[in-house]
Amino acid sequence: GVKTDGSYLWTELPDKAFNGTFFRASDVKGHLRFIGRGFGDREYGLFEDRKTKKQTLFVFDFLHTTNSDKGKYSADACPELKEAKFFETGLLGPIFYYATERDIYLYDYQGTNTAQKVYTLAESSEKITGIKLYKPCVDRYFPTHKYNCRIIIISTYNESTKEGKVYMYNVNVSNGTI
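Residues numbered from 1 in each chain as written. Predicted model: local features only at pLDDT ≥ 70, side-chain atom pairs only at ≥ 80, totals over all residues. Heavy atoms only, no water.

### Thoughts on the sheet that holds strand β7 (residues 103–107)
Here's step 1: Read from one edge to the other, the open sheet built from 4 strands follows the order β5-β6-β7-β8, with strand pairing classed as antiparallel. A single partner strand is all that each edge strand has here, and the edge strands are β5 (86–89) and β8 (115–120). Averaged over all neighbouring strand pairs, the angle between strand axes comes to 25°, with direction disregarded.
Here's step 2: In terms of strand pairing, strand β6 (residues 96–99) meets β7 through 3 bridges, oriented antiparallel. Residue Tyr98 lies in a different strand from β7, and its bridge partner there is Tyr105. (Pairing = 2+ DSSP bridges. Helix = DSSP H or I, 4+ residues; strand = E, 2+ residues; numbered from the N terminus. Axes fitted to C-alpha atoms, helices over the stretch in contact; angles between N-to-C directions.)

### With respect to the pairing of strand β3 (residues 55–60)
Here's step 1: Of all 6 residues that make up β3, 6 are buried, and the element is covered over most of its length.
Here's step 2: Neither face of β3 is open: one carries Gln55, Leu57 and Val59, the other Thr56, Phe58 and Phe60, and all of them are buried.
Here's step 3: Relative to β3, strand β2 (residues 42–49) is paired through 6 bridges, and the arrangement is antiparallel. Looking at β3, one finds that Tyr44 is bridged to Val59.
Here's step 4: Counted between consecutive antiparallel strands, the loop separating β2 from β3 contains 5 residues, among which Lys53 sits at a positive phi close to 65°.
Here's step 5: Pairing analysis gives 5 bridges linking β3 to strand β4 (residues 69–74), with the strands arranged antiparallel. Residue pairing for β4: Thr56 is matched across the bridge by Ser74. (Buried < 20%, exposed > 50% of the residue type's maximum accessible area, 1.4 Å probe, protein only.)

### Quick word on the packing of aromatic side chains
Here's step 1: If you walk through the whole model with that rule in mind, you get 12 aromatic pairs.
Here's step 2: Ring centres 5.6 Å apart and planes at 35° place the aromatic pair Phe34 and Phe87 in the tilted group. Of this pair, Phe34 sits in strand β1 (residues 30–38) while Phe87 sits in strand β5, and the two are 53 residues apart along the sequence.
Here's step 3: For Phe34, a relative accessible area of 12% translates into the label buried.
Here's step 4: Between Phe96 and Tyr107 the ring centres are 6.0 Å apart and the planes differ by 85°, which places this aromatic pair in the edge-to-face class. Here Phe96, found in strand β6, pairs with Tyr107, found in strand β7; they are 11 residues apart in sequence, far enough to count as distant. Side by side, Phe96 and Tyr107 carry an identical accessibility label, which is buried. (Phe/Tyr/Trp six-rings, centres within 6.5 Å; stacked < 30°, edge-to-face > 60°.)

Structure (structure tokens):
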């Protein structure tokens, strides 16, 4: 349940919420690096194990009270994932991006279970400060929108010029190509 400070204790989730097909609530032991809604209206949580520092992507279906465990993927083969600071998921396909200060990777969790670099900043003095897919249809506020999850927004900052920039690129919703 929810603690008085607003946090949620995993150990208090009912066992019936996780049937053990992919994982049990007690398997999720680690630091939450990211959680966000993604493909299939599921939540994608990237955890770093407290002891081993291994990275694991867990997929949850919190719209249902039973069988909430939908996937578990070891993400240790992903290059530079431990250095990643920014993450984003797609709603229209199995898209999971992560970004370091210079590069954006696409994690193919359902296929090769590794990631490929899909974008690198052109300016060596810039650093990525955020990535987001344009998602006007989240929470069903707009039922459809022609740019839903089809635009990635990348914010950057150049320390030497004290200048920030915003880049917007088209994204292929089925394979994540920028």
